[in-house]
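Coordinate inspection notes
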Amino acid sequence: MFLKKNEINLCSLFKNVYRIHLRKYSNKEVSGRMRVLNVAEKNDAAKNIAGHLSGGNLQRREGFSKFNKIYEFNHTFQGLPSTMIMTSVSGHLLGYEFQGSYRSWTSCSPLELFHIPVVKECPNDFINIKKTLVREVRSCNVLVIWTDADREGENIGFEIIDVCREVNPRIQVYRAILSEITRPSVQRAISSLGPPNKNISDAVDVRSELDLRIGAAFTRYQTMRLQKVFPEVLAKSLISYGSCQFPTLGFVVERYKDIQNFIPENFWKIKVHHKIENLDVEFSWQRVRLFDEVLCNVLYERCQENPSALVLTVTKKPKSKWRPVPLDTIELEKAASRKLGINAKETMKIAEKLYSQGFISYPRTETNIFPKELNLSNLVQLHVQDNNWGDFAQSILNNGPTPRQGKKSDQAHPPIHPTKYTHVLQDRERKVYEYVVRHFLACLSKDAEGEETIVKIEINGEKFIANGLRIIALNYLEVYPYDKWSNKQIHNYNQGQSFMPTGLEMVDGQTSPPNLLTEADLISLMDKHGIGTDATHAEHIETIKSRLYVGLENNKYFVPGELGIGLVEGYDNMGFEMSKPHLRAELEADLKKICEGTKSPLVVLREQIAKYKDVFIKTTEQVEKLDQSLGKYLRTQPVAFQNNAQHESMTVKNIRKCPVCKQTNLVLKKKQNNQGFFITCTGFPTCRNTYWLPPSVISAQVSDNVCFQCSGGIKLVKFQFNARSMRPHYPDTYEGCINGCDSTLCEILQVNMSRPSSSSSSTLPSNRNVVTTNQNSRTRENNVRLPTNNLSRPGSSQNTRPLNNDQVCCQCGNAAKLLTVTRETANKGRQFYGCPKPISATDRCTFFLWADDQPMPTAGPPNTQFNNRNYYQNNNGQINNPYRARAVNNQSNSGGQRKCGHCKQTGHTRRNCPQN
DNA sequence: GCAAGGTC
């Protein structure tokens with residue numbers, strides 16, 4: 001329940017009327033106060049926002065997660081006195097994963113990873129955070145999202161919304177936008193709440209899903225193949241592919257190859273020296289250098305003919321060395337790598353520790369502009385006490401801080417700066433802290449000032465230049481030893497004067513290749529090409545090091561490893577620029593269009609998947625190029641490996657499409673104790689269709705032969721039975737079709753594919769043929785529909801009756817009865833299906849299904865089904881997925897014996913209880 | 001055993 005502001009004002013005049021009004025529409029707020037759940041992206045933000053909103057008058061209590069506290073305080077929300085509950089998540093609450101058995105690398109062909117369902121689920125680490133949200137939101141009327149004002153923040157916001165709406169579907173949702181966490185910003189944000197932006201969130205979902213599908217498909221494929229092709233070298237290697245790690249590797253390989261392919265060129269140039277006493281001033285040639293020796297020699301000889309130098313001009317002008325801009329993550333990483341000798345990954349680890357101890361501000365920021373509200377003088381004051389930089393800090397206070405401003409703002413975090421003084425840190429922590437402090441003081445100080453002298457001379461028509469520098473004031477350099485700027489002396493020259501050089505020489509040289517990339521260079525390239533984020537650059541670099549794609553030369557320069565260069569060259573030879581940055585850039589452009597609402601996320605997903613799937617298939621077709629390239633660099637002969645649809649040959653063999661879910665395949669598997677076999681759907685646990693083979697089967701193997709009687713390429717299975725355990729005259733070894741055409745075999749095995757599954761062993765679970773939707777997860781499929789039709793056919797093994805598509809059937813196999821809730825509850829009038837047998841009947845099953853939760857028709861792509869009542873549009877214009885709402889009906893799997901917490905009956909939960 | 005993105 002939420003009231004418009006003018007409505008609230010009116011109500012405030014008639015408090016009694018308002019209270020009635022409030023109670024009428026909200027059963028959450030019995031006390032007459034609004035309860036508002038506020039959720040930030042991290043605990044630190046929640047704490048600070050709560051502090052600003054409450055003016056410090058708040059109570060802290062524990063949530064289920066020890067890292068994410070709950071802050072409670074009173075506040076006037078939209079004109080109403082309200083109880084504010086502020087808590088947080090820790091970044092993403094949910095993440096995409098493959099379901100169930102698909103997490104096994106051999107469960108399916110890697111090609112299938114482009115299409116099989118993925119679910120957005122809460123990792124175990126974050127279950128406690130989710131539990132806190134679920135508990136708190138039950139008693140609230142309003143949810144305010146305070147996550148970071150960036151793309152990921154918007155997506156995290158929707159993850160919070162999804163979790164909260166699951167238990168409180170009527171909650172009103174608002175988005176607060178903060179540019180920084182200061183009191184004015186927080187106040188401004190809460191008084192200008194808007195709706196969350198689904199477009200932005202969708203873009204992140206698309207990116208996440210693509211990263212998983214593409215990354216996993218290529219990683220599994222190339223790992224499994226190359227381990228077999230190079231068993232001596234790569235048997236235990238994980239050969240990953242990722243949309244960020246591969247371009248990062250590509251940069252290293254490209255620079256290495258540039259150097260390898262570099263052809264030096266000879267050049268020649270003329271130098272002039274003028275030495276008086278100990279000062280030797282060198283004049284450089286205005287032509288810089290010539291690549292023609294004869295021509296250079298002609299000009300040199302001309303100078304020699306009349307070597308007297310005439311001073312053409314003497315220019316003196318002020319020269320500044322600019323103080324640094326406020327520190328962002330990338331600059332910290334680069335500076336630490338270059339100047340402190342600490343690599344980016346280690347730097348971020350140290351910075352995070354310093355942040356968690358309160359010594360520095362949040363170290364993952366793209367902002368290099370100090371917000372106006374930040375009291376810089378107070379922060380500088382903290383450092384006046386220091387022996388090394390205290391005097392400098394005092395001088396800043398005396399003159400007033402003059403921050404140099406950069407041009408970037410992530411609208412979320414301020415530049416990295418010290419927040420507390422300490423002098424007790426040791427080693428690398430001290431180095432990083434000192435760097436942050438000195439950088440902070442430096443950028444609040446003044447540019448270094450100097451005077452530059454430029455002298456131009458002419459010798460018989462050829463012009464030369466020399467520079468001098470006189471430093472007037474070091475200013476920021478006094479506190480910032482990481483920058484160098486030194487005086488460069490020059491003689492006093494006057495325009496029009498002539499002098500005789502003490503040296504005139506022609507020197508030769510060779511052009512030299514560029515240097516190998518340092519870590520700072522690599523980070524700059526990643527930043528320039530949009531590979532990764534400021535928070536992840538260091539991780540991608542670490543990944544390609546740990547996978548042995550690259551190594552370090554002299555502990556400083558990146559060189560590709562044999563594996564890394566072999567992979568890049570292999571894909572290049574196929575014509576796929578997998579290691580080039582523009583693939584990611586193209587996706588980024590599409591993501592931007594999704595954010596702007598000019599391109600549909602489904603279209604982007606479909607296009608990108610089609611593109612990468614095509615590359616994947618073509619890769620498998622010419623994968624020998626990868627073998628050859630790697631063989632060359634690994635100096636190992638590739639082991640012959642069949643090239644016929646490799647992505648399939650390295651996985652388990654499919655027997656046929658699962659007759660229940662009709663999406664994934666039936667495969668043959670050994671039981672965990674290795675004693676006996678079963679045939680199961682690879683969609684487990686989404687699809688639980690399983691056929692247990694009798695103990696008399698001592699060996700089973702899917703054959704390459706297909707059944708010539710059945711259509712659809714059903715694979716035969718080769719069985720070995722216990723000797724003489726079969727019928728008289730039945731062979732102990734037999735290859736046959738289990739699809740139904742071989743009735744004797746199916747009878748022996750008690751397998752009947754015309755039914756969802758059959759129980760062939762009395763000692764094993766038989767009723768597993770139920771498709772479920774994980775209650776903690778949201779399922780997303782590409783091109784295929786999540787199997788749901790079994791809900792209308794909870795179909796125990798006894799259910800042999802053919803059912804039409806529209807019929808709802810209970811667990812006994814009977815047509816379910818349509819009933820209506822008659823009790824005076826929130827669900828009064830709502831229809832549901834139940835078992836048609838009398839309540840007193842002992843064999844009555846526990847089937848329960850809301851009529852408006854019925855599965856959709858099975859035809860047509862999912863995005864064409866928006867007219868179905870199960871797809872509904874919420875207040876924020878988002879399309880909600882009905883599958884999640886239906887998940888609670890799935891207790892019918894595995895016996896469904898959990899009791900409702902309300903009526904104590906089985907077959908439904910408290911939330912769906914018809915007696916509500 | 002897989003990605004990249006948050007965060008602790």
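First, a word on scope: everything that follows refers to the structure included in this document. (Residues numbered from 1 in each chain as written. Chains lettered and ligands numbered in written order. Predicted model: local features only at pLDDT ≥ 70, side-chain atom pairs only at ≥ 80, totals over all residues. Heavy atoms only, no water.)

**Focus on the pattern of salt bridges**
One pass over the full model with this rule turns up 39 salt bridges. Between E569 and K257 there is a salt bridge; the shortest N-O distance is 2.7 Å. With E569 in helix α18 (residues 562-574) and K257 in helix α9 (residues 245-260), this residue pair connects regions lying 312 residues apart in the sequence. With a relative accessible area of 10%, E569 lands in the buried category. Using a relative accessible area of 25% as the deciding quantity, one classes K257 as partly exposed. Each of R61, E72, R135 and E136 takes part in a single network of salt bridges with overlapping partners. (Salt bridge = Lys/Arg side-chain N within 4 Å of Asp/Glu carboxyl O. Helix = DSSP H or I, 4+ residues; strand = E, 2+ residues; numbered from the N terminus. Buried < 20%, exposed > 50% of the residue type's maximum accessible area, 1.4 Å probe, protein only.)

**Considering the packing of aromatic side chains**
Throughout the structure, instances matching the rule amount to 19 aromatic pairs. Judged by centre distance (4.8 Å) and plane angle (65 degrees), the ring pair of Y241 and F246 falls under edge-to-face. Both residues of the pair, Y241 and F246, belong to the buried class. Each ring, one from Y355 and one from Y362, has its centre 5.2 Å from the other, and the planes form 75 degrees; the classification is edge-to-face. A residue is classified by how much of its surface remains accessible, and Y362, at 17% relative accessible area, is buried. Taken together through their ring pairs, the aromatic side chains of F114, F218, Y221, Y241, F246, Y549, Y571 and F616 make up a single cluster. (Phe/Tyr/Trp six-rings, centres within 6.5 Å; stacked < 30°, edge-to-face > 60°.)

**Quick notes on unusual backbone geometry**
The backbone of N475 shows a phi angle near 45 degrees, a positive value even though the residue is not glycine. What makes N475 buried here is its relative accessible area of 16%. Although it is not a glycine, N555 adopts a positive phi angle of roughly 60 degrees. Note on placement: N555 falls in the loop between β17 (550-553) and β18 (557-560).

**Considerations on the sheet that holds β18**
The three strands are arranged β16-β18-β17 in an open sheet whose pairing can be described as antiparallel. On the outer flanks of this sheet lie β16 (517-518) and β17, each paired with one strand and no other. Both β17 and β18 contribute to a ladder of four bridges, which runs antiparallel. When the sheet's bridge partners are listed, E553 is paired in β18 with Y557. α9 rests against β16, β17 and β18 of the sheet, and its axis sits at about 90 degrees to β18. (Pairing = 2+ DSSP bridges. Contact = heavy atoms within 4.5 Å. Axes fitted to C-alpha atoms, helices over the stretch in contact; angles between N-to-C directions.)

**Considerations on the protein's contact with DNA strand B**
In the neighbourhood of DNA strand B, 42 residues make up the surrounding shell, with S90, F126, T223, Y362 and H540 lying closest. Backbone atoms, meaning sugar and phosphate, make up 57% of the atoms of DNA strand B lying within 4 Å of the protein. Of the residues forming the surface near DNA strand B, the biggest block, ten residues, is contributed by helix α7 (residues 198-229). Grouping the constituent residues of the surface near DNA strand B by class yields 14 nonpolar, 16 polar and twelve charged. (Near = heavy atom within 4 Å. Nonpolar A, V, L, I, M, F, W, Y, C, P; charged D, E, K, R; others polar.)

**Remarks on helix α3 (residues 43-54)**
If you check α3, its first and last C-alpha atoms are 16 Å apart, about what twelve residues at 1.5 Å a residue would give, namely 16 Å. Those residues of α3 that sit buried are N43, A45, A46, I49, A50, H52, L53 and S54. Buried residues belonging to α3 abut β1 (34-40), β3 (70-77), β4 (80-88), β7 (142-146) and α6 (183-190). The first or second residue beyond α3 is G55, which carries a positive phi of 65 degrees. (Expected span 1.5 Å × (residues − 1).)

**Let's talk about the sheet that holds strand β2 (residues 59-61)**
Spatially, β2-β3-β4-β1-β7-β8 is the arrangement adopted by the six strands of the open sheet, whose pairing is mixed. Here the strands that pair on one side only, and so sit at the sheet edges, are β2 and β8 (172-175). The mean inter-strand angle of the sheet, taken between neighbouring strand axes irrespective of direction, is 30 degrees. Looking at chain direction, β1 and β4 are connected through seven bridges and run parallel. Residue pairing for β4: V36 is matched across the bridge by M84.

**Considering the nonpolar core**
If you look at soluble globular proteins, the nonpolar side chains tend to sit buried side by side. Counting 66 residues, the largest nonpolar core has F114, F218, Y549 and L567 as its most contacted members. Considering each element in turn, this core owes the most residues, eleven residues, to α7. Counting residues in each nonpolar core, the second largest holds 43 residues, with I360, V432, I471 and L477 among its members. (Core = buried A, V, L, I, M, F, W, Y, C linked by side-chain atoms within 4.5 Å.)

**Thoughts on the packing of helix α4 (residues 127-137) against helix α5 (residues 151-167)**
At their nearest, the axes of α4 and α5 sit 9 Å apart, and the two run at 50 degrees to each other. Our classification of the angle between α4 and α5 gives oblique. Of the two possible hands of crossing, α4 and α5 adopt the one that is right-handed. Residues K130, L133, V134 and V137 of α4 touch α5, and the partners they reach there are I160, V163, C164 and V167. Of the residues in the contact of α4 with α5, the class split is seven nonpolar, no polar and one charged. (Parallel < 35°, antiparallel > 145°, perpendicular 65-115°, else oblique. Left-handed = near helix turned anticlockwise from the far one by under 90°.)

**Focus: the pairing of β1**
Most of β1 sits out of view: seven of its seven residues are buried. Of the two faces of β1, both are covered, the one formed by M34, V36, N38 and A40 as well as the one formed by R35, L37 and V39. Examined bridge by bridge, β1 and β7 share five bridges and lie parallel to one another. Its bridge partner lying in β7, V36 is registered against V142.

**Re the environment of N492**
With respect to the secondary-structure elements, N492 resides in the loop between β13 (462-473) and β14 (498-499). By relative accessible area, N492 is classed as exposed at 70%. C-alpha separation for the pair N492 and V314, spaced 178 residues apart in sequence, amounts to 9.2 Å.

**Considering the pairing of β8**
Sheet analysis places β7 next to β8, joined by four bridges and oriented parallel. Across the sheet, residue V142 finds its bridge partner in β8, namely Q172.

**Topic: the side chain of D534**
By the secondary structure assignment, D534 is in the loop between α16 (519-529) and α17 (537-546). One buried charged side chain, D534, makes no salt bridge at all; its nearest oppositely charged neighbour is R364, positioned 6.7 Å away. Here the side chain of D534 touches T365 through a polar contact of 3.4 Å, landing on its backbone nitrogen. Each residue touching D534, except ones within four places of it in the same chain, is listed here: T329, I330, E333, R364, T365 and E366. (Lys, Arg positive; Asp, Glu negative; His and termini not counted. Polar contact = N/O pair within 3.5 Å; in protein donor to acceptor, adjacent residues only side chain to side chain.)

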